[in-house]
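# Overview (structure and organization)
These are the residues of each chain, in order.
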Amino acid sequence: MAVCVDVLAVVLLLRVAVLGFPARPPPQAESSCGYKSCPATQPSMLNVHLVPHTHDDVGWLKTVDQYYYGDRNDIQHAGVQYILDSVLEQLLADPTRRFIYVETAFFFRWWRQQDSATRKAVTMLVNEGRLEFVNGGWCMSDEATTHYSAVIDQMTLGLRFLNDTFGACGRPRVAWHIDPFGHAREHASMFAQMGYDGFFFGRLDYQDKARRIRDKDMEMVWRASESLTPPTADLFTGVLPNGYNPPAGFCWDQSCNDPPIRDDPNLEDYNVDNVVKRFIEIANDQAKMYRTNHIIMTMGSDFQYENANLWYKNMDKLIRYVNAKQSQGSKVNVLYSTPSCYLQGLHQANLTWSVKMDDFFPYADGPHDFWTGYFTSRPALKRYERLSNSLLQVCNQLEVLGGPNSRKGPYGEGDSDTLQEAMSVAQHHDAVSGTEKQHVANDYAKRLARGWAHCETLVSNALATLSSWEAPREYCLSLNISVCPATENSYKFFLTVYNPLSRMVSWPVRLPVNGSDYMVLQPHGQVLDSQVIPVSKATRKIRGDRGYAVNELVFRVQAPPVGFRTYVVSQMSRQHPPVAPQPGTPLSMENQFIRVTFDPDTGLMNSLTNLETKQKIQLMQNFYWYNASDGNSADSNQPSGAYIFRPNSSTPIIVSQTAKTYTLKNSVVQEVQQEFSPWVSQVVRLYWGSRELELEWTVGPIPVEDSLGKEVITRLDTNINSSGYFYTDSNGREMLERRKDFRPTWDLKQSEPVAGNYYPINSRIYIKDKVNQLTAVTDRSQGASSLQDGSLEIMLHRRLLYDDVRGVGEPLSEPGDDNKGLVVRGRLLLALTPPKDAADIHRPLAEALVLEPLLAFQTGELHPNTILEFSGLQASLPPAVHLLTLSQWDQESVLLRLEHQFQVTESPTNSQPVTVNLKKLFSTLEVVGVSEMNLSANQWKDEMNRFDWKTSGGEQCPPRRLGDTSPWEITLKPMEIQTFLLRVRQR
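Now for a look at the structure at hand. Predicted, not measured: the structure shown is a model, and the values here were computed from it. (Residues numbered from 1 in each chain as written. Predicted model: local features only at pLDDT ≥ 70, side-chain atom pairs only at ≥ 80, totals over all residues. Heavy atoms only, no water.)

Strand order in the open sheet formed by 3 strands is β15-β19-β18, with antiparallel pairing between adjacent strands. Of all the strands in the sheet, just β15 (505-513) and β18 (530-534) have a single pairing partner and so form its edges. Between one strand axis and the next, the sheet turns through 30 degrees on average, direction left out of account. In the sheet, β15 pairs with strand β19 (residues 551-559) via 9 bridges, with the strands oriented antiparallel. Pairing of V505 across the sheet is with A559, part of β19. (Pairing = 2+ DSSP bridges. Helix = DSSP H or I, 4+ residues; strand = E, 2+ residues; numbered from the N terminus. Axes fitted to C-alpha atoms, helices over the stretch in contact; angles between N-to-C directions.)

This part covers the sheet that holds strand β48 (residues 977-986). Strand order in the open sheet formed by 4 strands is β42-β43-β48-β45, with antiparallel pairing between adjacent strands. Lying at the two open borders of the sheet, with one neighbouring strand each, are β42 (881-888) and β45 (925-933). Recorded for the sheet is a direction-independent mean angle of 30 degrees between the axes of neighbouring strands. Across 7 bridges, the pairing between β42 and strand β43 (residues 893-900) is antiparallel. Looking at β43, one finds that L883 is bridged to L898.

What follows deals with empty space enclosed by the protein. For the structure on display, the rule yields 7 cavities of 30 Å³ or more. Roughly 180 Å³ of volume is contained in the largest cavity. If you go around the largest cavity, you meet 18 residues; those closest to its centre are H147, Y148, E847, H882 and E899. It is helix α17 (residues 838-850) that contributes the most residues to the lining of the largest cavity, 4 residues altogether. Of the residues assigned to the lining of the largest cavity, the class counts are 6 nonpolar, 7 polar and 5 charged. Of the voids in this model, the second largest cavity is the one considered here, and its volume is about 70 Å³. Forming the walls of the second largest cavity are L84, V87, L88, L91, Y101, F107, W110, V122, L125 and L131. When residues of the lining of the second largest cavity are traced back to their parent elements, those giving at least two are α3 (80-93), α4 (104-112) and α5 (116-127). Considering each element in turn, the lining of the second largest cavity owes the most residues, 4 residues, to α3. Split into classes, the residues belonging to the lining of the second largest cavity amount to 10 nonpolar, no polar and no charged. (1 Å grid on protein atoms, 1.4 Å probe; cavity = no way out; pocket = protein on both sides within 12 Å on 5 of 7 lines; lining within 4 Å. Points joined across faces, edges and corners; volume = space filled by probe spheres on them. Nonpolar A, V, L, I, M, F, W, Y, C, P; charged D, E, K, R; others polar.)

So, on to helix α6 (residues 148-166). Between its first and last C-alpha atoms α6 spans 27 Å; for 19 residues at 1.5 Å apiece the expected length is 27 Å, and the two agree. With 14 of 19 residues buried, α6 lies mostly within the body of the structure. (Expected span 1.5 Å × (residues − 1). Buried < 20%, exposed > 50% of the residue type's maximum accessible area, 1.4 Å probe, protein only.)

Here R378 shows up in the loop between β11 (355-356) and α12 (379-402). A polar contact is formed between the side chain of R378 and the backbone oxygen of G434, at a distance of 3.5 Å. A distance of 3.4 Å separates the side chain of R378 from the side chain of E814, its partner in a polar contact. With residues near it in sequence (within four places) discarded, R378 still touches G434, E436, K437, Q438, A441, E810, L812 and E814. (Polar contact = N/O pair within 3.5 Å; in protein donor to acceptor, adjacent residues only side chain to side chain. Contact = heavy atoms within 4.5 Å.)

Next up on the list: the pairing of strand β30 (residues 693-699). The element β30 is extensively covered by neighbouring structure, given that 7 of its 7 residues are classed as buried. Side chains L693, L695, W697 and V699 project from β30 onto one buried face, and the interleaved E694, E696 and T698 project onto a second face that is buried too. Bridge analysis of strand β29 (residues 680-687) against β30 gives 6 bridges, and the strand direction is antiparallel. Bridge pairing links R685 to E694 in β30. A loop of 5 residues connects β29 with β30, the two strands running antiparallel in sequence, and G689 in this loop sits at a positive phi of about 90 degrees. Both β30 and strand β39 (residues 824-833) contribute to a ladder of 7 bridges, which runs antiparallel. Counted as the bridge partner of L693 is L830 from β39.

Structure below.
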């Protein structure tokens, strides 16, 4: 085994000692949890680790509440509270029994309802390692459609509860993602940085699994970052043999039909000998797939153990009778175990393991069954989740900056917890993924809406404190369809723009108004250039009677880092009618950075030029749809559905060869409004001062009167020589190279040339050659690919007529507000750059789309002492540094995460170490204590000692941290995240 001296611990101990931070909780009584609690194994035998478990979806076919209480059993028989009640009783009956639990969202709710005697019993089980928490996040997050910041938050929420409740014995050692539909490299990187020793999952592409079984490569070390020096992001990873189900014939839940062990020899149907024989055969067969004398069997499945006695009574017998065969020469040893005890057995084997560098997308469980549709399913919910994440970060920041008054102030009582819990539930692999029933999707959205309301109160209180102005504030959630009563009904109003980023941001604002001439003033009285344009036909159609503004006021705002700026907007007494868009297509439109040209005959784009770098590419963009399979084909009966993307043909159907266009140009914005059909339209938009081209698309209701399900894409065709390669982000962070019809770890037999080349994108996709790189930055998670050289396609919306037989039991056909079908509007931002400079553009661009400014509106008269501009930072952070987390931890402490947002080789300028002084970070807060945590903030960094694994790639110890010469100065290297608890006080 490798032994690495933890030089970081020395630095941190010094830092803690110097700063006097209360860095250690009181010592706990001696416990025997974790690896110390593992039962003895037999070195000369095959050790079969039986892992009793339940997989409890935090919403899927039923809502979270329905699953917890056991309601709506007509949909699915499942009641989580009864599972935990029953398991507790059975664990207390026999000290050899074990159980693992995963979803803290459910356990938290159950724990609150227990009396002190029950809590004491559970704590004893945890301290003795008989009840073990694995994974430990609020949910088991999806890995394709989640953004890394939201994943970190939900993991922190769950793990903090376990830490606060059970101490070190509540800290999971193993990450456990048995049900997500493909696995992201960034998730593995995060798990490694959270201190997990290993990671086990259930779903693996059928071809990949066959190769790994053949080569006995089902367990490996996943090197999950190209930027972080090994083993920082290395994670031992194992593929479970049966997904997450028990071996065939050995399911003893009340939901199963397998026969129990009948061990009365006087009975005619006595079956012990047969059961033992079959089990030993299965164990020996499974052992052929793995490299050590330890194998794992998952004894449980979805919502099992509601009557735990059935399981444990039969497993007790199985263990007794199988192990009794050892006296007759059997070499199989069966034991109750946990994933961490199994992992310890693998670690003690001291083998050298293969290294995996890529990810596990896309996932297919058959030749025509690619789970790539859910990358886009429920696009409106995906967008709402992304906006909710942005609001949550604003809410967290202002809770810190506004102090106690933010939680209880002039607008009432507000909190960030409600939205944090709703966002954490939304990360579940059947939530933001879009693979739940419609009524469950509605429930997720309602939870987020309740969280928004609580956060808006907190934000209003905080802004009132920081600005010294308590006039009522309004928030407009439907600005994308020009609805905002505060601006539609007012001759004069105030707009406060809060910027959650750690650098100055410039942002275009479009406000619905009914006047035609306005003056916009900055805080010091300067007049800001603004223009009034008519609300577009497409927007009026979507909006219906929810708003009545006839115009939009357009201008560009700026706000200081982690701060706000307030603008005064007044309607002028003399009104001039706005210039209406004119029919027809311009030859071009351009600002100081970009020129885009159009074909006047088709109304479509035909080139894009970067005026700074003198680059020009051909660029054609249009909308298409794939006809979704209904399952009625000779190759396969697999239809497209919420999970599965399976087009009937590899050639998509074009919506229209031409677009009806209108053109608008003024000093703030230039637009070409394109109508492709009654259900597809777009605005090609270029703001003055922007280095990116905006494509605002509107799709829906998707027509299905022709009985054809449709999967709608936009495709960008260029003359970039991409040679079959394209690049997608992993959970919004590191970029991964993709190659058409290729997998790095096995010889792919491609059977679905479209769906089998789709990958998830959370924030961006790009293609490049030696001269040009075209990057598309998205506003939500989507599925995307490059099926031809020089081409990018992104799936925007799906409406399907058949269930895909993966359990959800209904077609993906969202009704929308009027039951005629869902209309979705979104944005793509295009940037053309030289490849070497591309990250300097797309990194901050994607960051700004994830954390959008918050807009708050007020009317009335300004108080003379009102503060119109504020920054929570003393200065902007360097371009490479992102303020990932700033949230209240307790009354005296805040949680801070700073990250280096560039990869190691992607920018000559920004892919360098950066030093930040924590003392000089905040403008209104004095940092008086600091202690470094692991990524999930449930362990002191200097106490985070993970298993070392020997790999075929050799050994490397984490390098000595650069530049930490002062206890207040931290140095971030590319892709590094550092997490701190800060003790602060108001300056």
